[in-house]
Amino acid sequence: MANYTEDDLAKELKDQEYKFGFVSDIDTDTIPIGLNEDIVRLISSKKEEPQWMLDYRLNALAIWSTMNEPSWAHVKYKKPDFQSIAYYSAPKQTKKYESWDDVDPEMKATMTKLGISMEEQQRLTGVAVDFVMDSVSVATSFKEKLGELGIIFCSFSDAVQNHPELVKKYMGSVVPTQDNYYATLNAAVFTDGSFCYIPKGVRCPMELSTYFRINAGGTGQFERTLVIADEGSYVSYLEGCTAPQRDENQLHAAVVELIALENAEIKYSTVQNWYPGDKNGLGGIFNFVTKRGVCEKNAKISWTQVETGSAVTWKYPSCILKGDNSVGEFYSVAVTNNYQQADTGTKMIHLGKNTKSTIISKGISAGKSQNSYRGLVQIHKNAHNARNFSQCDSLLMSSECGAHTFPYIECKNNSAKIEHEATTSKIGEDQLFYCKQRGISEEKAIGLIVNGYCKEVLNQLPMEFAVEAQKLLTISLEGSVG
Amino acid sequence: MITIKDLHASIEGKPILKGLNLTVKAGEIHAIMGPNGAGKSTLASVLAGREEYEITQGDVNFNGVDLLSLSVEERAREGLFLAFQYPVEIPGVSNINFLRTALNEIREHKGEKGISAKDFMSLVREKSALVELDSKLASRSVNEGFSGGEKKRNEIFQMAMLNPILSILDETDSGLDIDALRIVANGVNQLKTDQNATIIITHYQRLLDYIIPDFVHVLYDGKIVKSGGKDLALELEEKGYDWIKNNTLN
Amino acid sequence: MEPVTKATLQVFRKKLSPAKLLLPSSFIDANEKELLEMDFPNSRQEAWKYTRLNRVAKINLESTPSSIIDWSSYLMVKDAYNFVFQNSECIYKSPDLPKGVSIKIGDEIGAMDWLSSINEGHVAKLNVAHAQNGCVINISNGVQLDKPIQLLFISDGPKQPNFWRNQLQHGKGAKADIHVGYFSKDAIDSYSNVHWSVFLKENSHLIMTKIQNDGDANYHFSTENISQLKDSNFTLNTLTLDGSFVRNDVLVKVEGENCETHLNGAYIMKENQHVDNHTTIDHIFPNCNSYELYKGVMDDKSTAVFNGKVFVRPNAQKINAFQSNANVLLSNDAAVNSKPELEIYADDVKCSHGSTTGQLDEEAIFYLRSRGISEAAARQLVVAAFMQDVFLKVASNELKSYIYQQLAVRFNLYLQEKD
């Protein structure tokens, strides 16, 4: 982070409109719009899936058709028309990519624009990247090197073909098919995503990273991520999201399942920067995501998220602390500006003894946006000596925005200790004055103060992501005061 | 350097400054003394540009520019520095990052290039030694968890880093023990050149034992009622502010 | 668990008498129709997520006459203007009221005496439909009461339904202390539903302390709707010392600037008891402060719910709102659900809430025992210490000592049973 200076930031700021708003001119293979059994069969056949996978999808579709879209979240939006979405869109390709060299140059250009040039990544940072554009995973780097350690890092489709036993065993084990409206929809129509397996006792030597991008218009993205950390293993996983600027609302309904077996640790970081819509609230991504992990004995799952994008966000990365002594963490920064709405938080379900959870949530609302923290801390009867600490702070940047806190604390064990604190306040006038008296402009002062406010969360991110996140925070709040 | 003419300022409709006149030239140190409520801190706030105060009359010329027409940060970039009586804490923002941002904004304003990381760090080392500030404090969050004395020393450290033309020290001596007072004063003295000037706002004269002023002014009821040399401070200390009050009433 | 069906509410109402109080048509008009279309809420409804009404829904209420009881033993403080209700009768009315204070009871109240009120949800609607008795208190502008008004509501007999409806209008600059006590006698599957509408005019000062000391087997539903005008100061202390099932719904609408609002609550539960405190402070105007402190101790299989909401409406700037809920579980079968909520639509505010759940401080108990204090006494002391900051909010010293006395009775009796 030391290399990144305020001058770099100033340069970035000149390009303050949503900079990932370009559309790549890539031929896509998009199926007709609509959702029915035939479409699900079509997706499955396009992906040359085995029968069990098709059955899984059809079962999900049948369940979904009996469900109602939830309305409890503190967000207002026009419900998507599920029959007008194309559920499969893939960059056209004649054959599977054998190596990086096979990748379409236009696609490579797209990645470069996103700042994820594979060559660069490979050479400099040693981050293994999976890139998911619209519906399919297009390139996974570092496969061989990881393979030597027995680590499987591939697209979800590849995993269905090559590691069916793992997929069958774990898919839906944390987020069951019938879990909720969007997760069920995802189970029926998911097109690709990332899969990762870390064998027993292996410490993954590099950050694994997936970039998601919605490119084509009129489509949604429904990816699925499955991370399995076998006993005593460790992995740090990064996820980045962008989408082009479009006037329409596009739906992103993903499912992420994490399985941390005994003594394993998974660190999952997200920098979510889906297109938030324009200044008047037109367009933007509906981000309805189900993320959940389960911790076996002594395992640990740590979620870190920096959310600056999406028109509407509905997302609660959660931990089921099933094993004794397991640990769940949730660190979140959610920024909303203009007409953005976010309803996000976490669930910490304490089942095992001596389980521990920490929740640090920083919400920043600007413009006319609405930002809600919604969290559940649940201590079950047998969760002796469970501990939770939650701190939820909201910062208000305009008189027309809203900041809300809805924590649910449920305790059924008297040896538990739960502490929840929340504060809501305006950005400190005294702090702004102090910065300005030292010659710092208001915009920069806000950037500094907000980044300082979020430090506890940003510190959880791997270095490269932290820099990106800092920039994003500053950019998303441009012009938000005054 | 700065000429304040007939300055009137009020807060929430209540007049505080009622026709204040003051001229400070380069190379001078002025002390402004006065009882509580005389308007000392208001003067510092008005010069720095706090928006709660309404300027109802008068003008301030700062090196040829109309100071009151400038925004807070423009005043700072023109070389006006306020050492706060109560420096605010900014959690999560490191002193270093804060100062580097400030320094570069000021440099940019002057048309200079940004300072390199290496030069910046050596400047930090040099200037923090001046006020005997532990370099660890420089990397901590701005004022967060600092003791009262550390906060004041940090103010002088920032002053040293930003190299202002006019520094206003607002009750910098309050809450300082004798050692800290000596360190702060020593810092200020070392920063003195014939190009810059300092206004010291204080209730007590003890700081003036360490920083010798060229002029001492007594502020009372929003106006400067008496001016003199450094001896005036001693006389005040001896006779108390009632002496001024009685003189003014008569 | 059987699902509550739409017909359940109608069955529940079958033997309830229609309202005896004369209420304005604006209250009644839509009420009956709405009641016919609704049912007991189930746990899918957010406001009833943690409080099941299945058992309440099944009781067969029927009013039976009872002989007048000796109410003096229920008095919480000695020197007060007393009013006592036993079921649907008012059995005692203070003969002397100070100048500027009028209290109308039962049929003395005309429809015109009722100011408009919010009657949402099945509890408030049932109250409108079946209100049997209650009072309308008017405290004139500038009146400062020399001693408190004390109102006792006693439910007597098994399967007894009680619907009390009250209103308090507190004049400009008036100052008063109101003590309200809820008790029950021989209650088996009894049901009390009490509704208060309180209007504080400009610059008035009101402390309302309610003691809920119901015996076993009474279902108690209490609704308070408060409206505060400019410069007023309101305190509501809700002390639930006993009661098998208690639900409190408090709504404070702060409808003027420079108001202060204090909501304090204490609940001490045992056995299968259940208490649910729902509070809302709605800041509609700027420059106001609100403070909320609820603390509870749960033993055996008791459960507690706290749902506190603070709203800050758009343009209600310069609001300071603080909310705190702390719980201690004395047994591993006890449970607590806490939901402190903030909904903020203005930016220049300072709001915070905190919620803690834990055990009694075992270190403190050990310390006391090491000084020779018995474990039972040590526990009682530590519980009292934990609850103390709520009890200290009760302004009246006499009432405070009543509370401590009740607590001692409650704990001694109880701890003896356990030994």
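Residues numbered from 1 in each chain as written. Chains lettered and ligands numbered in written order. Predicted model: local features only at pLDDT ≥ 70, side-chain atom pairs only at ≥ 80, totals over all residues. Heavy atoms only, no water.

1. Focus on the overall build of chain A
- Along chain A, the regular secondary structure elements total 13 helices and 24 strands.
- A buried classification covers 67% of the 482 residues belonging to chain A.
- Surface summary for chain A: the accessible area is close to 16,700 Å², and the carbon and sulfur share equals 47%. (Helix = DSSP H or I, 4+ residues; strand = E, 2+ residues; numbered from the N terminus. Buried < 20%, exposed > 50% of the residue type's maximum accessible area, 1.4 Å probe, protein only. Areas by Shrake-Rupley, 256 points an atom, 1.4 Å probe, with all protein chains shown as cover.)

2. Here's the deal with the state of the cysteines
- In this structure the tally under the stated criterion is zero disulfides over all chains.
- Cys135(C) takes part in no disulfide bond, and the closest cysteine sulfur to it belongs to Cys90(C), at a distance of 8.3 Å. (Disulfide = S-S within 2.5 Å.)

3. Quick notes on the pairing of strand E10 (residues 218–228) of chain C
Residue and element names in this part refer to chain C.
- Burial runs high along E10: 11 of the 11 residues are buried.
- Along E10, one buried face is formed by Asn218, His220, Ser222, Glu224, Ile226 and Gln228 and the opposite face, lined by Tyr219, Phe221, Thr223, Asn225 and Ser227, is buried too.
- Where strand E8 (residues 190–200) and E10 come together, 11 bridges link them in parallel fashion. Residue pairing in the sheet places serine 192 in a bridge with histidine 220 of E10.
- Relative to strand E12 (residues 245–254), E10 runs parallel, the two sharing 10 bridges. Bridge assignment links asparagine 225 to a residue of E12, and that residue is leucine 251. (Pairing = 2+ DSSP bridges.)

4. Section: the sheet that holds strand E2 (residues 14–24) of chain B
All names here are of chain B.
- Here four strands make up an open sheet; going across it, the order is E2-E1-E4-E5 and the pairing antiparallel. The sheet is open, and its two borders are formed by E2 and strand E5 (65–66), each paired with just one other strand.
- The pairing of strand E1 (residues 2–11) with strand E4 (residues 53–62) spans eight bridges and is classified as antiparallel. Within E4, the residue paired with histidine 8 across the bridge is glutamine 57.
- In this fold helix H1 (residues 40–48) packs onto E1, E2 and E4, with an angle of close to 105° to the strand it touches most, E1. (Contact = heavy atoms within 4.5 Å. Axes fitted to C-alpha atoms, helices over the stretch in contact; angles between N-to-C directions.)

5. Looking at the interface of chain A and chain C
- Facing 33 residues of chain A, the contacting portion of chain C comprises 36 residues.
- Taken together, the two surfaces of chain A and chain C that pack against each other cover about 2,700 Å², and 46% of this comes from carbon and sulfur.
- The largest contributions to the chain A side of the interface with chain C come from Tyr408(A), Ile409(A) and Asn414(A), which together make up 22% of the buried area.
- Scanning the region where chain A abuts chain C turns up one salt bridge.
- For Lys381(A), the salt bridge identified is with Asp333(C), shortest N-O distance 2.6 Å.
- Where chain A meets chain C, there are 18 residue pairs in polar contact (both at pLDDT 80 or more).
- Sorting the residues of the side of chain A that touches chain C by element identifies strand E23 (402–411) and strand E24 (417–426) of chain A as the ones contributing at least two each.
- Of the residues assigned to the side of chain A that touches chain C, the class counts are 11 nonpolar, 15 polar and seven charged.
- Where E23(A) meets strand E18 (residues 335–344) of chain C, six bridges bridge the pair, whose relative direction is antiparallel. If you follow Thr405(A) over to E18(C), its bridge partner there is Leu342(C). (Buried area = accessible area lost by both parts, 1.4 Å probe. Salt bridge = Lys/Arg side-chain N within 4 Å of Asp/Glu carboxyl O. Polar contact = N/O pair within 3.5 Å; in protein donor to acceptor, adjacent residues only side chain to side chain. Nonpolar A, V, L, I, M, F, W, Y, C, P; charged D, E, K, R; others polar.)

6. Description of the environment of His274(C)
Residues and elements named next belong to chain C.
- Relative to the elements of secondary structure, histidine 274 occurs in strand E14 (residues 274–283).
- You can call histidine 274 buried: its relative accessible area is 10%.
- In contact with histidine 274, other than residues within four places in its own chain, are Tyr50, Thr51, Gly243, Ser244, Phe245, Val246, Met269, Thr303 and Val305.
- Engagement of the side chain of histidine 274 in a polar contact is seen with the side chain of threonine 51, the distance being 2.8 Å.
- Polar contacts involving the side chain of histidine 274 include one to the side chain of threonine 303, which spans 2.6 Å.

7. Considering the domain arrangement of chain C
Residue and element names in this part refer to chain C.
- Here the domain parsing of chain C yields domain 1 (6–255) and domain 2 (363–419).
- On a C-alpha basis, the centroid separation for the pair domain 1 and domain 2 is 30 Å.
- Taken together, the 15 residues of domain 1 in the interface contact 12 residues of domain 2.
- For the pair domain 1 and domain 2, the two sides together bury roughly 1,100 Å², of which 67% comes from carbon and sulfur.
- Of all residues in domain 1, Met76, Leu239 and Leu241 bury the most surface against domain 2, accounting for 41% of the area lost on that side.
- At the junction of domain 1 and domain 2, the tally comes to zero salt bridges.
- Taken together, the connections running from domain 1 to domain 2 amount to three residue pairs in polar contact (both at pLDDT 80 or more).
- When contributions to the side of domain 1 that touches domain 2 are tallied by element, the ones reaching two or more residues are strand E7 (175–185), strand E9 (205–213) and strand E11 (233–242).
- Take the side of domain 1 that touches domain 2: its biggest share by element is four residues, from E9.
- Classifying every residue of the side of domain 1 that touches domain 2 by side-chain character gives eight nonpolar, four polar and three charged. (Domains from an automatic or database assignment.)

8. Some remarks on the interface of chain B and chain A
- Counting from both sides, the interface comprises 31 residues of chain B and, opposite them, 21 residues of chain A.
- Interface area for chain B against chain A, summed over the two sides, is near 2,300 Å², with a carbon-plus-sulfur share of 62%.
- Put simply, chain B and chain A have three salt bridges between them.
- For the pair chain B and chain A, the interface holds 13 residue pairs in polar contact (both at pLDDT 80 or more).
- If you list the elements that add at least two residues to the side of chain B that touches chain A, you get helix H2 (72–77), strand E6 (80–83), strand E7 (90–94), helix H3 (95–109) and helix H6 (148–162) of chain B.
- Looking at which element gives the most residues to the side of chain B that touches chain A, the answer is H3(B), with eight residues.
- Its residues placed into classes, the side of chain B that touches chain A shows 17 nonpolar, seven polar and seven charged.

9. Re the nonpolar core
- If you look at the biggest cluster of nonpolar residues, it comprises 115 residues, and the most contacted ones within it are Ile364(A), Met397(A), Val450(A), Ile2(B), Ile4(B), Ile90(B) and Phe98(B).
- Broken down by element, this core gets its largest block of residues, seven residues, from helix H7 (residues 178–191) of chain B.
- Each residue touching Phe98(B), except ones within four places of it in the same chain, is listed here: Tyr434(A), Cys435(A), Arg438(A), Ile440(A), Leu448(A), Ile90(B), Val93(B), Val142(B) and Gln158(B). (Core = buried A, V, L, I, M, F, W, Y, C linked by side-chain atoms within 4.5 Å.)

10. Focus on the pairing of strand E8 (residues 223–229) of chain A
All names here are of chain A.
- Counting buried positions along E8 gives seven out of seven residues, so the element sits mostly inside the fold.
- Covered by surrounding structure in E8 are Glu223, Thr225, Val227 and Ala229 together with Arg224, Leu226 and Ile228, the residues of both alternating faces.
- As judged from the seven bridges shared by strand E6 (residues 192–198) and E8, these two strands associate in the parallel manner. Looking at the pairing, cysteine 196 lines up with valine 227 of E8.

11. A look at the arrangement of the chains
- For this structure, the chain pair with the highest number of contacts among two pairs of chains in contact is chains A and C.
- At the C-alpha level, the nearest point of chain B lies 15 Å from chain C, with no contact between them.

12. A word on the pattern of salt bridges
- Scanning the model with the defined rule gives 48 salt bridges over all chains in all.
- Residues Glu89(B) and Lys151(B) are paired through a salt bridge, measuring 3.2 Å at the closest nitrogen-oxygen approach. Of the two residues, Glu89(B) is situated in the loop between E6 and E7 and Lys151(B) in helix H6; the sequence distance between them amounts to 62 residues.
- Between Glu343(C) and Lys309(C) there is a salt bridge, with its nearest N and O atoms 3.2 Å apart. Of this pair, Glu343(C) sits in strand E18 while Lys309(C) sits in strand E16 (residues 303–312), placing them 34 residues apart in sequence.
- By relative accessible area, which is 6% here, Glu343(C) ends up buried.

13. Comments concerning the packing of aromatic side chains
- For the coordinates displayed, the defined rule picks out 36 aromatic pairs over all chains.
- Between Tyr181(A) and Tyr182(A) the ring centres are 5.3 Å apart and the planes differ by 90°, which places this aromatic pair in the edge-to-face class.
- Note on Tyr181(A): relative accessible area 9%, which makes it buried.
- A ring pair is formed by Tyr434(A) and Phe84(B), whose centres lie 4.8 Å apart and whose planes are at 50°; its orientation type is tilted. Pair noted here: Tyr434(A) is in helix H10 (residues 429–437) and Phe84(B) is in the loop between E6 and E7, and the two residues belong to different chains.
- Judged by its relative accessible area of 0%, Tyr434(A) falls in the buried class.
- Taken together, Trp64(A), Trp72(A), Tyr77(A), Phe82(A), Tyr181(A), Tyr182(A), Phe286(A), Phe288(A), Trp314(A) and Tyr316(A) form an aromatic cluster joined through their ring pairs.
- In this structure, Arg224(A) packs its charged tip against the face of Phe190(A), placed 5.7 Å from the ring centre. (Phe/Tyr/Trp six-rings, centres within 6.5 Å; stacked < 30°, edge-to-face > 60°. Lys NZ or Arg CZ within 6 Å of the ring centre and 35° of its normal.)

14. What about the side chain of Ser244(C)?
Residue and element names in this part refer to chain C.
- The residue serine 244 is located in the loop between E11 and E12 in this model.
- One polar contact links the side chain of serine 244 to the main-chain amide nitrogen of alanine 217, over a distance of 3.1 Å.
- Every residue in contact with serine 244, bar those within four places of it in the chain, is listed here: Gly215, Asp216, Ala217, Asn218, Asn272, Gln273 and His274.

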